[in-house]
Amino acid sequence: MKCKKPLSIWPMSKYGLLGLVMSFLFCSTVWANINNSLRSNANDKDFSTTSENLIFQNLTISGTVTDENGAPLPGASILEKGTTNGVVSDFDGNYTIDVTNSNSVLAFSYIGYLTKEVSVGPSAKVDVQMELDAQQLDEIVVVGYGTKKKSELTNAVVQTSGEEITKSPAVSLSNSLSGRLAGVYVNQRSAVPGFDDAQILVRGFNTTRDNSALIVIDGVANADPDGLNRLDPNDIESISVLKDASAAIYGAQSAGGVILVTTKRGKVGKPIIDFSTTQSFQSPTMKTQSANALEFMGIVNSSRILDGTAPDFPEELINKYRTGELVSEDWWNSLIDPPVYQSRQSLTVRGGGENVKYFTSVGTANQDGILRGDNQTELKQYNVRSNLDISITENFTVGVDLSFREKNTETPQNGQGGDLGYVATTSPLRPAYIDGDYRYPAEGWSQLNPAARILSPGYRKYKADVSSGTFRFKYDMPFVKGLSLEGFASFIKTLNHDKSFNYTFFYYEKNSAGEIVKKPSRSIEDIGLSEQYSESNRVTLNAKLAYKKTFADKHNIEAFLAYEQMEYKDNFLLAGRLGYDSPLID
């Protein structure tokens, strides 16, 4: 049985610890669990397909999104409330989305319109007419090298707030964007802790090479080696997406679109202290369907008949599975052990006076693996941020932004997610455990039983430290009204330490006397240790001369001239050794 690790909390003061415990006690958890099916028994099944009963009974909802005049709205966001399940409407305003059940609530949103929430109920078709939000048109939107009112925008720009993003329990920030930004496609390819970052495409594939969007954080392009994936959502003020010509200001690197992230800054007023904690549990929303023993033997024997050769499986063996003397193995239920625990804690302080404004935050994130018996897979993340703005004079202001993040990820020696692919490819004739006892993983095929391999003393450890500092200034020239000079210098240092150790493991089998005995495996990977160190430094310098003035309360002139340069250096070292006689000397 899988042992769940207790919540690990970053050392804090006794008062901070008390607050964290109280928050944990009163925090509601989110359950999305799949019923654990019984091990498949093919007593009454011949070559029929088996199915599993899931707690989720998905419903398909479709409809049309229109504006206040009844015209279709392409690119409207439709999100199942309380989840990351979302889609966008097509060119004709039509959409189709699979929701959990008839109690689900759909949230419809579009730039310049009020968000509308609709309960699904028994209907399979939900049409929505959006209403204009006049107040939202006066909101400020972050664009390339500046800001604009929504009512003044002529380019393709969409924006969401940090408050909206924090509604998602996802640990990776990229997964929280699903369904929240029109024209932004979020595709999560893995759920392995620390490696579950989603691919973000702005209006699909745009080039024949790298289609990833350019990530700009507080004006600094490529400011984080993990993009926006590992940012603390409680630090974010807003996220804007520049599409088409609006992204061209960043040059060739913006071919896949631009995502602008603005972090929170200080405000005039008394300090506002905010502590938040999220405790949640994850489960798969679908399972891999694979053939049972009777289906497997039937298909193989049928192919042999077509080839004109003798069948691989005799009728005597097939009858043993029909009568229940032998049991078909369900590798999904044997290897997958939901739910898995994840959590996030964040403490922020925001305030300031007329001359000094500040925002500081500390946060942690934790996530476990989903494979049965896997006590290695885990993500632990710690992050700190401080944004400080100082008015030196009436016309001259400076800012200092500092941040640090440490990310520790560990997996079994067979890599990210273990041998999860064996769920669909391992023969159902091979037992995963001796007599179904999770303490005794069997040999599997060619000693490749994932249930046994995951208990190996080998491992993969990944540690990444990212430090960044940005020093910025702005000078409003008093001798020319509307003319200003501003710029920044950004320094980013990344340290990576990856360590891999491969070793043999043990499996179990029954001897001639029917006793369960322990057996050493063969060497799947070469026994040995390897370590990799890498260091990178990125320096970005920017200067901008801007002019903005209004004449006769009607005529606006706005222009700027900017210069930016970036320098990147990295170093890499890899070393290893083979032939260890014991796992205790790695």
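Residues numbered from 1 in each chain as written. Predicted model: local features only at pLDDT ≥ 70, side-chain atom pairs only at ≥ 80, totals over all residues. Heavy atoms only, no water.

(A) A look at the overall build of the protein chain. Helix and strand counts for the protein chain stand at eight helices and 27 strands. Looking at the protein chain as a whole, 42% of its 586 residues are labelled buried. Accessible surface for the protein chain amounts to roughly 30,200 Å². Of this, 55% is attributable to carbon and sulfur atoms. (Helix = DSSP H or I, 4+ residues; strand = E, 2+ residues; numbered from the N terminus. Buried < 20%, exposed > 50% of the residue type's maximum accessible area, 1.4 Å probe, protein only. Areas by Shrake-Rupley, 256 points an atom, 1.4 Å probe, with all protein chains shown as cover.)

(B) Just the sheet that holds strand β2 (residues 77–80), in detail. With respect to topology, four strands assemble into an open sheet ordered β3-β2-β5-β6, the strand pairing being antiparallel. Among the strands making up the open sheet, the edge pair consists of β3 (86–88) and β6 (116–119). Put simply, the sheet's adjacent strands are angled 20 degrees from each other on average, direction ignored. For β2 and β3, the ladder comprises three bridges, and the chain directions are antiparallel. Residue L79 lies in a different strand from β3, and its bridge partner there is G86. (Pairing = 2+ DSSP bridges. Axes fitted to C-alpha atoms, helices over the stretch in contact; angles between N-to-C directions.)

(C) Main features of the sheet that holds strand β14 (residues 220–221). Strands sit in the order β10-β15-β16-β13-β14 across an open sheet of five strands; the sheet is mixed. Strands at the two margins of the open sheet, each flanked by one partner only, are β10 (157–161) and β14. Where β10 meets strand β15 (residues 236–242), five bridges bridge the pair, whose relative direction is antiparallel. In the sheet register, Q159 faces β15, and the bridge partner there is S240.

(D) Structural view of the packing of aromatic side chains. This model, assessed by the stated rule, comprises twelve aromatic pairs. Ring geometry for Y433 versus Y438: centroids 4.9 Å apart, planes at 75 degrees, classification edge-to-face. In textbook terms, an aromatic cluster arises when at least three aromatic residues are bridged by ring pairs, as seen for Y459, F501, Y503 and Y580. For R372, the ring lying beneath its charged end belongs to Y438, and the centroid distance is 4.1 Å. Lying across the ring of F506, K518 places its NZ or CZ 4.4 Å from the centre. (Phe/Tyr/Trp six-rings, centres within 6.5 Å; stacked < 30°, edge-to-face > 60°. Lys NZ or Arg CZ within 6 Å of the ring centre and 35° of its normal.)

(E) Spotlight on the nonpolar core. L228, I239, I259 and V261 are the most contacted members of the largest nonpolar core, which totals 24 residues. Elements represented by at least two residues in this core include exactly β12 (198–202), β13 (214–217), β15, β16 (258–263) and β23 (483–502). Here the element with the most residues in this core is β15; it accounts for three residues. Other than its neighbours up to four places away in sequence, L228 contacts L173, S174, L177, I200, I215, I259 and V261. (Core = buried A, V, L, I, M, F, W, Y, C linked by side-chain atoms within 4.5 Å. Contact = heavy atoms within 4.5 Å.)

(F) Local environment of the environment of I370. By secondary structure assignment, the location of I370 is in the loop between β19 (356–368) and β20 (378–391). Considering only alpha carbons, one finds I370 and P193, 177 residues apart in sequence, at a separation of 9.3 Å.

(G) Layout of the pattern of salt bridges. Counted under the stated rule, the structure contains 23 salt bridges. The shortest N-O distance in the salt bridge between D401 and R472 comes to 3.1 Å. In this pair, D401 is assigned in strand β21 (residues 396–412) and R472 in strand β22 (residues 459–476), connecting sequence segments 71 residues apart. Residue D401 is classed as buried on the basis of its relative accessible area, which comes to 5%. (Salt bridge = Lys/Arg side-chain N within 4 Å of Asp/Glu carboxyl O.)

(H) Examining the pairing of strand β4 (residues 94–99) more closely. Only one face of β4 is buried: it carries Y95, I97 and V99, and the other face, with N94, T96 and D98, is open. Bridge count between strand β1 (residues 59–66) and β4: six bridges; the pairing is antiparallel. Residue pairing across strands places L59 opposite V99, the latter belonging to β4.

(I) Focus on the side chain of S174. Following the sequence through the fold, S174 ends up in helix α3 (residues 173–176). Here the side chain of S174 touches S172 through a polar contact of 3.1 Å, side chain to side chain. Not counting the four nearest positions on each side in its chain, S174 is found in contact with V186, D197, A198, I200, L228 and N229. (Polar contact = N/O pair within 3.5 Å; in protein donor to acceptor, adjacent residues only side chain to side chain.)

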